[in-house]
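Summary of the model geometry
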Amino acid sequence: MLTEPTEERLLALAAGGHRPAQRALLDAGRLIGRTVAVVCDVLNPAVVVVGGRFTEPGAYVIDGIREALRRHCAPSAAAGLTVVRAQLGAEAEALGAVESFL
């Protein structure tokens, strides 16, 4: 019996060292980074903060974003750019929403 692919299964496989799952997360990060590169070229931020549940099994998504930003940003935008994992974890959006009502 084949198991239905789900986000939870992908994350569990990546956390367990499954190279194809880790590669899928790295590739997702590269796609995100390519999209964010345009924003970085325009706004020239010092830091890009990455959050969400896909950063939980390791730095695969973040590494992909870093790689794509180095490749697709203007050199002046990429020079001082730092990519970090959000400190609030997977619940960052919910915590921010709650905080906005307090």
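In case you missed it, the structure is sitting above this.
Residues numbered from 1 in each chain as written. Predicted model: local features only at pLDDT ≥ 70, side-chain atom pairs only at ≥ 80, totals over all residues. Heavy atoms only, no water.

**Overview of the overall build of the protein**
What the protein contains, in helices and strands, is five helices and two strands. For the protein, the sequential pattern of α-helices and β-strands runs α-α-β-α-α-β-α. Dimensions of the protein, computed from C-alpha atoms along their principal axes, come out at roughly 50 × 40 × 15 Å. Classification of the 102 residues of the protein by burial places 26% in the buried group. Counting contacts in the protein only where the partners sit at least 6 residues apart, residues at least 24 apart contribute 74% of the total. Just so you have it, the protein exposes about 6800 Å², and 60% of that area is on carbon and sulfur atoms. (Helix = DSSP H or I, 4+ residues; strand = E, 2+ residues; numbered from the N terminus. Buried < 20%, exposed > 50% of the residue type's maximum accessible area, 1.4 Å probe, protein only. Contact = heavy atoms within 4.5 Å. Areas by Shrake-Rupley, 256 points an atom, 1.4 Å probe, with all protein chains shown as cover.)

**Section: the packing of helix α1 (residues 7-15) against helix α2 (residues 19-43)**
Remark: α1 packs on α2, axes separated minimally by 7 Å, with the N-to-C direction vectors making an angle of 110°. Classified by the interaxial angle, the pair formed by α1 and α2 is roughly perpendicular. The two elements α1 and α2 meet at a crossing, and its hand is left-handed. Every residue of α2 that contacts α1 at Leu10, Leu13 and Ala14 is listed here: Ala21, Gln22, Ala24 and Leu25. (Axes fitted to C-alpha atoms, helices over the stretch in contact; angles between N-to-C directions. Parallel < 35°, antiparallel > 145°, perpendicular 65-115°, else oblique. Left-handed = near helix turned anticlockwise from the far one by under 90°.)

**Structural notes on the nonpolar core**
With 15 residues, the main nonpolar core has Cys40, Val48, Val50, Ile65, Leu69, Cys73 and Val83 as its most contacted residues. Counting residues per element, the ones that place at least two in this core are α2, β1 (47-50) and α3 (60-72). Once residues lying within four places of it in the same chain are set aside, the contact partners of Leu69 are Gly33, Val36, Ala37, Cys40, Val48, Ala78, Leu81 and Val83. (Core = buried A, V, L, I, M, F, W, Y, C linked by side-chain atoms within 4.5 Å.)

**Remarks on the pairing of β1**
Consecutive side chains of a regular strand alternate in pointing toward one face of the sheet and then the other. Residues Val48 and Val50 of β1 are buried on one face, while the alternating residues Val47 and Val49, pointing to the opposite face, are not. Pairing of β1 with strand β2 (residues 82-85), which is carried by four bridges, proceeds in the parallel orientation. Bridged to Val50 within β2 is Arg85. (Pairing = 2+ DSSP bridges.)

**Things to note about unusual backbone geometry**
One non-glycine residue, Asn44, adopts positive backbone phi at about 50°. Counting through the fold element by element, Asn44 comes out in the loop between α2 and β1. Note on Asn44: relative accessible area 47%, which makes it partly exposed.

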